[in-house]
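Working through the structure, step by step
Listed below, chain by chain, are the residues.
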Amino acid sequence: MDLWTKRTAGIIARVALLLSCSYGTTGEEVCDSGLVSNLPPSSFRSSSQLSSSHAPGFAKLNKREGAGGWSPLVSDRYQWLEVDLGERTKITAVATQGRYGSSDWLTSYLLMFSDTGHNWKQYRQEDSIGSFPGNSNADSVVQNKLQQPAFARFLRLIPLDWNPNGRIGLRLETYGCPYTSEVVSFDGGSSGLAFRLSPVPRKTSREVVSLKFKALRNSGTLLQAEGRDGLSLSLELERGKLFLLLRRGGTSSSESRRLASLGSLLDDQHWHHVVLEQKNAHLNLTVDKHTEKVQIPADLDSQKPIVSKRNFHGCLENLLHNGVNLIELAKNNDHQVTGNVTFSCAEPVSVAVTFTGPQSFLQLPGATASSSGGVSLGFQFRTWNKAGLLLTFDLPQQGGVVWLYLSEARLRLQIHKGGRALLELTAGSALNDGQWHSVDVTSRRSRLMISVDKEEGGVAHANPPFPVTAGGQLFFGGCPAEYHSQDCENPFDVFQGCMRLLAVDNQLVDLITVQQRLLGNYSQLQIDMCGIIDRCSPSRCEHGGRCSQSWTVFHCNCSDSGYSGATCHSAVYEQSCEAYKHNGNTSGHFYIDVDGSGPIKPQLVYCNMTEENTWMVMQHNNTELTRLRPSAGVKQHSVHFQYSAQEEQLSAAISQSEHCEQELSYHCRKSRLLNTLEGSPFSWWLGGPGSGRIQTYWGGAHPGSQQCSCGLQGDCVDQQHYCNCDADRMEWTEDSGLLTHKESLPVRSLVLGDIQRPGSEAAYRVGPLRCHGDKNFWNAAFFDKETSYLHFPTFHGELSADISFLFKTTASSGVFLENLGIKDFIRIELSSSTQVLFSFDVGNGPLEVLVESNDPLNDNRWHRVRAERNVKEASLRLDDLPVATQEAPTDGHFHLQLNSQLFIGGTASRQKGFRGCIRSLAKITPGVQPGCPGHCSSYGSLCQNQGRCVERTNSFHCDCSLSAYTGVFCQTEVSVSFKPGSSVSYTFKEPYELSRNSSALPSSIYSDMTLRGENVSLSFRTNQSPALLLYVSSYYREHLALLINKNGEEDARLIVLPFFNPLHDKQFLDIDQNAREDFNLTSDGEFNAVKSLVLGRVHESDDFDPDLARLASLGFAGCLSVVQFNTISPLKAALLHPDTSPVVINGPLVQSNCGSAGSANPYVEENTHHLSDQSGSVGSGQPLVNAIRTDSAFIGGVIAVAIFVIVTALAITARFLYRRKETYRNQEAKEVKQEDSQDFSFNNQADSQNISTENPKEFFI
């Protein structure tokens, strides 16, 4: 859409537009001529002079006339020297020199500029630095070039500091060149200009409109550019901001859309530069030094219009359209121009005063004696502060005091006497918005009234029973120190802001007379200027942080942005799933910020932490198998996929990952897919960045091959084709596989073509995008010498910068990183074995931020360092220690100015280099070893429950083969819900097999069969008692049983029944809270040749005594979890490795999370007992958003009862080896039953009908 196509631009001074760009001298223009040396003495003015020979006219560079320069009568910060250049001039530099032959010179100063000799504006470098460096002696010349040229007629220099052994002394020169200016003024009423340009052939699609404006009112329509189709662009000033609007229709009520807004405080009666550059549908908007790029929308969405109710009141200068000065055309009565304006810029003289600090005040005499029985006071103010004293005066007749002040951005008046408030009025709201607000206080005939903004902002009145007069002294903004106990008292904050148009009894106060000390008194004021600064325009808050401000500082609200810090610069979230894993997190949903503090927003992904890889899963809108049927008239079916992540998030995540894949499958029945290599494909897909590129290969094949996986492997159903579906058969078949070429991912859309024939059916599935590996996280370098280093291009962090890395070392000190400039620098170092130091210089001396650890940092473990520097502060964080901060200097650079290379691991300043490992580097250079081994020393503690940490080149993983747990950190319980008929039987190798196959490895599947000790652990939940939990038998008819016995109504007892028959040697362990019992049995043999381990119902019970046999036949009803017998994990083998493990499963066996605390009924009171505690704990780090999380802390908090049975080999084996088992059973069985009947009454309780229905109990053995 082109608004300028017909070359017809109606530019009317009624519409306001805000544009921003920087301007300055061009490369070809020379603008460095001396401007002061030829001026007459009458062009110089000063606040005072020491004598006639020290007059300001002698303040010319290198001149020796008079006393050799200017010196004021008193050397203080209220002095100034002013130069009138005669006309508006372009000023590019200022040079200073001390007074000749003296000890009088300046060491620093401020520069002010003005067009009228009033309403001065302070010049600032980088919008921050207000002062300029001066001289160190009386004769040398110090020149300061202005970063941006100033355009003004008057220049004023204000001394800040001078030689402490002398006084203020000055000679100066300014440099620049003449400035051509065509000006027109608008009165805010009927005046305006219209330009209708002649239609000429277009030579370029680029259009540029530039101008300068000076506003005398904060709202008004500035400019409108009309195009075809009824569209127009307009610039509108509203409350001191400039808005660029796109409007359809020519009236203010037409539908409009705001394209941009720039600037603030543009009604300060100073010139502001605006440039609007349009190329096709793109616009660049510049206001002063700030630019915003926008695009004209294809569709105009109606919005609430921002329409100024007023015409523009102010002046325009040098209004150019493609280099043609339209004001000059109007001045020459060109036929293309119509309108009624004045070709000059008349400015009213309005003297403002700035209250800068806590000691600022203005004292004025009150009403004259002739004004009786009342008060009439008025003024205007603007501020960013919510609170502050505006005005106070005494009521001598009543012995009270009047305070007019701001509180919570509202105007309040309080009359106070004798420690209590006699009267209080409130008016207005939100008066800290930086806009000018008028205040009037009147008291006549016992009626007191305050009003804000001529009653538009609010009014309040009262009828005090006493007269309110202001016959004494009036104090504005604050009180002088010597008056606090006398005529002026301020219990409120001081006022920081600007005031103007002060009136007492309807008479304006001459503030220039005040400045000359001829009227009233003042301290720490800037008179004849308003020094307000909008620190939120442009906002220094990044990533959508909301900016607010007071007079001296700004604040960023980072809530809901995903970032933190003083300017919302640092990312809250990790950059990858890999980083979350190394914080100890398990699978779940997490926010990932792929570029850290960069512009890409965080995205919500699912992190699947497997034992091998850590997968980042990004979903789209259709990952299910979707079926297609023929539709009449439809030759192709297209489907587009919308991903949960944005385009830049997807691209960055794919680029950062080591491997990405996406499943692509096509199920077909008489529906061809890719045809042949020579023919055109029936179907294709689009993948890659943006909308994607056409791809004609299928999952499992190579890019560009026009094949499917079976064609690559040579096993298609029809060898004449390269896809199964291309066989065009009536039977269902499929072509499926993984797409792994990162440049072609993700899949954006599918086009399926052969589905229109009768009988054709198909189904497709595009899986989620899955990636693993983080190139940045494991990019490490090892510095084995203090002289080794890496060097990179100059570090760019002019406004905000953050540095994050991990290190490990055995050295006590060394420099991690350094980059130098001419004066500026940045450095991070290990200053001692317990301290990390972040130091930098932004032009006014080095600043340091230090973090100290209680533990040594040279422990050869990974430690994380995060440093940030922005315009507000510098911060340093080490591991999880509290962050250390240092506020930025108020008068320092915004921009960090560096010019050398960035050194990593070493320095350019000959300081001690770093020896050790640094991780997260971009590249490796010769002399530095890539990689850094030893990850288990830092992350091995994350492996739980006897999991073993295994080193990898760029990571680690937890080996859970010797643990009864599974999961990425061996933290997930393996639990099964047993029914009475269910069983798991684990068969050990026979003895002769062991002798023939000595290479068999002990593992969770196979183990040594000759036991020198038993380590049995399990967790259970059941309401059955008695019950058989575990049964172990040997080839020599020995056994070990773990039983639950019911003793009375409350006592549950666990019985360890070792080996087959001497029942008088069975052991009882009471299950009590936090109890543990270790026991030993004497033995004269070993428990050899273990045959099997059974959980649940024991089907082979021929060798059992009747009681145990009856109990074994009942089976077990309940939950068994994390069962381990020495190194054997039978449940894990049965559930996870059923095809490769020697296990037999009988009856229903359901994997469950019944062993976890979350599976218990929260409304049932449970008896939980602990005899031993083997639960692990996860490492630190919690997911910010985690919808699916398993955590061993979750397991450790479970239940449950823990009984840990440790029986040594000599204690449990030989005693129960019997060669005459039948004889012994007959002799001893009855006696044992008699002795132990009260504790081991299986005959009375083993019936299945007597299974307890009380609340289930949980145990961990």
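Everything numeric in this text was worked out from a predicted model, so none of it was measured. (Residues numbered from 1 in each chain as written. Predicted model: local features only at pLDDT ≥ 70, side-chain atom pairs only at ≥ 80, totals over all residues. Heavy atoms only, no water.)

Describing the side chain of H569
Note the threshold: Secondary structure elements are taken from DSSP: a helix is a run of H or I of four residues or more, a strand is a run of E of two residues or more, and numbering for both begins at the N terminus. Polar contacts here mean pairs of N or O atoms no more than 3.5 Å apart (in protein, one a potential hydrogen donor and the other a potential acceptor; neighbouring residues in sequence count only if both atoms are side-chain atoms).
Inspection of the secondary structure assignment puts H569 in the loop between β39 (563–564) and β40 (570–571). For H569, the side chain forms a polar contact with the side chain of S597, separated by 3.5 Å. A polar contact of 2.7 Å, which involves the side chain of H569, links it to the side chain of D802.

Some points on the packing of aromatic side chains
The condition is simple: In this analysis, rings of Phe, Tyr and Trp, with Trp reduced to its six-membered ring, are considered paired at centre separations within 6.5 Å, and the interplanar angle assigns stacked below 30 degrees, edge-to-face beyond 60, and tilted for intermediate values. Partly exposed residues are those whose accessible area sits between 20% and 50% of the maximum for their type, while under 20% is buried and over 50% is exposed, using a 1.4 Å probe and protein chains only. Lysine and arginine charges are scored as sitting over a ring when NZ or CZ, respectively, is within 6 Å of the ring centre and within 35 degrees of the ring normal.
Counted according to the given criterion, the structure contains 25 aromatic pairs. A ring pair is formed by Y109 and F132, whose centres lie 5.7 Å apart and whose planes are at 15 degrees; its orientation type is stacked. Highlighted residues: Y109 in strand β4 (residues 106–114) and F132 in strand β6 (residues 131–133), separated in sequence by 23 residues. Accessibility classification places Y109 together with F132 in one group, the buried group. Taken together, F355, F379, F381, F476 and F495 form an aromatic cluster joined through their ring pairs. Above the plane of the ring of Y78 lies R517, whose end atom (NZ or CZ) is 5.2 Å from the centre.

Observations regarding the pairing of strand β60 (residues 863–869)
Convention followed: Whether two strands pair depends on DSSP finding at least two bridges between them.
Of all seven residues making up β60, five are buried, and the element is well covered by its neighbours. Both strand β55 (residues 801–808) and β60 contribute to a ladder of seven bridges, which runs antiparallel. Bridge assignment links I803 to a residue of β60, and that residue is A867. Pairing geometry for β60 and strand β61 (residues 873–878), over five bridges, is antiparallel. Bridge pairing in β61 places A867 opposite L876. In this antiparallel pair of consecutive strands, β60 and β61, the connection spans three residues.

With respect to the state of the cysteines
Defined as follows: Two cysteine sulfur atoms make up a disulfide if the distance between them is within 2.5 Å.
Summed over all chains, the structure comprises 14 disulfides. One disulfide bridge connects C536 with C547, the sulfur atoms lying 1.9 Å from each other. For the disulfide bridge between C536 and C547, the dihedral angle about the S-S bond is near -75 degrees, and by the sign convention the bridge is left-handed. One end of the pair, C536, is in the loop between β36 (525–527) and β37 (546–549); the other, C547, is in strand β37, with 11 residues separating them in the sequence. The exposure class of C547 is partly exposed, given its relative accessible area of 25%. For C668, the disulfide goes to C725, at an S-S distance of 1.9 Å. Between C668 and C725 the sulfur-sulfur dihedral comes to about -100 degrees; the bridge is accordingly left-handed.

Notes on the sheet that holds strand β13 (residues 231–238)
How we decide: Helix axes are fitted to C-alpha atoms over the stretch in contact, other axes to C-alpha atoms as well, and angles between N-to-C directions run from 0 to 180 degrees.
Taken in spatial order, the four strands line up as β12-β13-β14-β15 in an open sheet, and their pairing is antiparallel. Where the open sheet ends on each side, the last strands, each with one partner, are β12 (220–226) and β15 (256–262). Averaged over all pairs of adjacent strands, the angle between their axes in this sheet comes to 20 degrees, without regard to strand direction. Judged from the eight bridges that link them, β13 and strand β14 (residues 241–248) form a sheet pairing that is antiparallel. Looking across to β14, one finds that L233 is bridged to L246.

So, the pattern of salt bridges
Using the following cut-off: Salt bridges are counted wherever a side-chain nitrogen of Lys or Arg sits within 4 Å of a carboxyl oxygen of Asp or Glu.
According to the stated counting rule, one finds 25 salt bridges in the structure shown. Taking the shortest distance from any N to any O, the salt bridge between D104 and R99 comes out at 2.5 Å. Its relative accessible area of 5% is what places D104 among the buried residues. The exposure class assigned to R99 is buried, which follows from its relative accessible area of 12%. When the shortest N-O distance is used, the salt bridge between R948 and D959 registers 2.7 Å. Of this pair, R948 sits in strand β66 (residues 948–951) while D959 sits in strand β67 (residues 956–959); the two residues are 11 residues apart in sequence, bridging distant segments of the chain. Overall, D959 belongs to the buried group, its relative accessible area being 19%. Among the ionic contacts, a cluster of salt bridges with common partners joins R88, D115, K214, E317 and E347.

Comments concerning helix α4 (residues 647–656)
Applied cut-off: Every residue pair with non-hydrogen atoms within 4.5 Å of one another is taken to be in contact.
Of the positions making up α4, those classed as buried are Q649, L650, A652, A653, I654 and Q656. Where the residues of α4 are buried, they touch β42 (603–609), β43 (614–618), β46 (659–669), β50 (747–752) and β52 (769–772).

Here's the deal with the nonpolar core
It is characteristic of soluble globular proteins that their nonpolar side chains tend to be buried jointly. What counts here: Nine residue types can take part in a nonpolar core, namely buried Ala, Val, Leu, Ile, Met, Phe, Trp, Tyr and Cys, and a core is a set of them joined through side-chain atoms within 4.5 Å.
Residues Y666, W698 and L750 are the most contacted members of the largest nonpolar core, which totals 64 residues. Counting residues in hydrophobic clusters, the runner-up holds 45 residues, among them F381, L404, F495 and L525.

Brief notes about the sheet that holds strand β54 (residues 790–792)
Pairing is antiparallel in the open sheet, where six strands are placed in the order β54-β63-β56-β57-β58-β59. If you trace the sheet from one side to the other, it starts and ends with β54 and β59 (846–852), each paired once. Direction aside, the axes of adjacent strands within the sheet are offset by 15 degrees on average. The pairing of strand β58 (residues 835–841) with β59 spans seven bridges and is antiparallel. Each bridged residue has a counterpart across the sheet, and for S839 the counterpart in β59 is E848.

Here we look at the confidence of the model for the protein
Convention followed: pLDDT is a per-residue confidence score from the predictor, ranging from 0 to 100.
Counting all residues, the mean pLDDT for the protein is 78, and 77% of those residues have values of 70 or more. A low-confidence stretch, residues 1–27 (pLDDT under 50), is modelled with 148 contacts involving residues beyond four sequence positions or located in other chains. Every residue in residues 1059–1075 scores below 50 in pLDDT, and together they form 73 contacts with partners more than four places removed in sequence or on other chains.

Points about helix α8 (residues 1106–1114)
Those residues of α8 not exposed but buried are D1107, L1108, A1109, L1111, A1112 and L1114. G1115 lies just past α8 and shows a positive phi near 80 degrees.

Observations concerning unusual backbone geometry
Here S537 and P538 are connected by a cis peptide whose omega angle stands at -5 degrees. In this structure, P538 sits in the loop between β36 and β37. Going from L745 to P746, the amide bond is cis rather than trans, its omega being 0 degrees. Structurally, P746 can be placed in the loop between β49 (733–739) and β50. The residue H543 is not glycine, and still its phi comes out positive at about 55 degrees. Inspection of the secondary structure assignment puts H543 in the loop between β36 and β37. A residue is classified by how much of its surface remains accessible, and H543, at 24% relative accessible area, is partly exposed.

A word on a nonpolar patch on the surface
Note the threshold: Each patch is built from residues lacking any salt bridge and having more than 30% relative accessible area; the joining distance is 9 Å for like charges and 5 Å for nonpolar side chains (Val, Leu, Ile, Met, Phe, Trp, Tyr). Only the protein chains shown count as cover for residues, and all accessible areas are computed by the Shrake-Rupley method using a 1.4 Å probe.
Together, L50, L73 and V74 line one region of the surface with nonpolar side chains, adding up to about 240 Å² of accessible area. In this structure, V74 sits in the loop between β2 (44–46) and β3 (81–97). Residue V74 is classed as partly exposed on the basis of its relative accessible area, which comes to 43%.

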